[in-house]
Amino acid sequence: MVFKKLFSPSQRIAGFRYAFQGLSAFMRGEPHAWIHLLATVLVLTGVWYFPMATWEIIVLLLCIGMVWCAEILNACIEKTMDLLHPGPHRLVKLIKDMAAAAVLVTSIIALVVGLIIFIPKFLQA
């Protein structure tokens, strides 16, 4: 009985629905989400326009996923800290700054990877 409950199709579908609700809330409530969406569209347009090796596409997709996950987790950490301690606090600031730094690091890595892949393609075009 436990197995049937753990793998209930209706519960799995509900889980996806909750995840999409979270993504929708993220897109509506986080201004940086739109910057990441623009960057994602630009990269995917480049993938469509330029001939790419499969590994290049995989690396770019992994970078896109990394940045999106970092930004979503950053938003969760910020909201959690606001809930736990609504007023200013030096440790809350530090935690939020460190979470934002994770997004910055993943974004810089993604940018460097994108430049390594796209600059030669622009130069050949």
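Everything numeric in this text was worked out from a predicted model, so none of it was measured. (Residues numbered from 1 in each chain as written. Predicted model: local features only at pLDDT ≥ 70, side-chain atom pairs only at ≥ 80, totals over all residues. Heavy atoms only, no water.)

Once that is clear, we can look at the overall build of the protein. The number of helices and strands found in the protein is five helices and zero strands. For the protein, the succession of helices and strands along the chain, N to C, is α-α-α-α-α. Referenced to the eigenvectors of the C-alpha coordinate spread, the extents of the protein come out at roughly 55 × 50 × 25 Å. Across the 125 residues in the protein, those meeting the buried criterion constitute 26%. Sequence-distant contacts, at least 24 apart, represent 68% of the contacts inside the protein between residues at least 6 apart. Carbon and sulfur atoms make up 78% of the accessible area of the protein, which amounts to about 9,300 Å² in all. (Helix = DSSP H or I, 4+ residues; strand = E, 2+ residues; numbered from the N terminus. Buried < 20%, exposed > 50% of the residue type's maximum accessible area, 1.4 Å probe, protein only. Contact = heavy atoms within 4.5 Å. Areas by Shrake-Rupley, 256 points an atom, 1.4 Å probe, with all protein chains shown as cover.)

Our next topic: the state of the cysteines. Working definition: the covalent bond between the sulfur atoms of two cysteines is a disulfide. Going through the model one piece at a time under the given rule, you end up with zero disulfides. Here C69 is not cross-linked by a disulfide; its sulfur's nearest cysteine counterpart is in C76, at 11 Å. (Disulfide = S-S within 2.5 Å.)

Our focus in this paragraph is the side chain of T40. Locating T40 in the fold gives a position in helix α3 (residues 31–49). Beyond its immediate chain neighbours, meaning those up to four positions away, T40 contacts I64 and W68.

V47, F50, M52, L60, C63, V67, A110, V113, I117 and F118 form the largest nonpolar core, which has ten residues in total. If you list the elements that add at least two residues to this core, you get α4 (54–84) and α5 (90–124). Tallying contributions element by element places α5 first for this core, with four residues. Those residues in contact with V113 that sit more than four places away from it in its chain are V59 and C63. Counting residues in hydrophobic clusters, the runner-up holds six residues, among them M27, A33, W68 and A75. (Core = buried A, V, L, I, M, F, W, Y, C linked by side-chain atoms within 4.5 Å.)

Axis separation between α4 and α5 bottoms out at 9 Å; the angle between their running directions is 165°. Between α4 and α5, the angle is such that the two are roughly antiparallel. Seen from above, α4 lies across α5 with left-handed handedness. For the contact of α4 with α5, the class distribution of residues is 19 nonpolar, four polar and six charged. (Axes fitted to C-alpha atoms, helices over the stretch in contact; angles between N-to-C directions. Parallel < 35°, antiparallel > 145°, perpendicular 65-115°, else oblique. Left-handed = near helix turned anticlockwise from the far one by under 90°. Nonpolar A, V, L, I, M, F, W, Y, C, P; charged D, E, K, R; others polar.)

This part takes up a nonpolar patch on the surface. Taken together, the side chains of I77, L91, L94, I95 and M98 define a hydrophobic patch exposed on the protein surface, amounting to about 420 Å² of accessible area. With four residues, the top contributor of residues to the nonpolar patch is α5. For L94, the position within the fold is in helix α5. (Patch = residues over 30% accessible without salt bridge, like charges linked within 9 Å, V, L, I, M, F, W, Y side chains within 5 Å. Salt bridge = Lys/Arg side-chain N within 4 Å of Asp/Glu carboxyl O.)

Low-pLDDT portions of the prediction should not be read for the details of their coordinates. Within the protein, residue pLDDT values average 94, and 95% of them lie at 70 or more. Mean pLDDT across the elements of the protein ranges from a minimum in helix α1 (residues 2–6), with 62, to a maximum in α4, with 98. (pLDDT = per-residue confidence, 0-100.)

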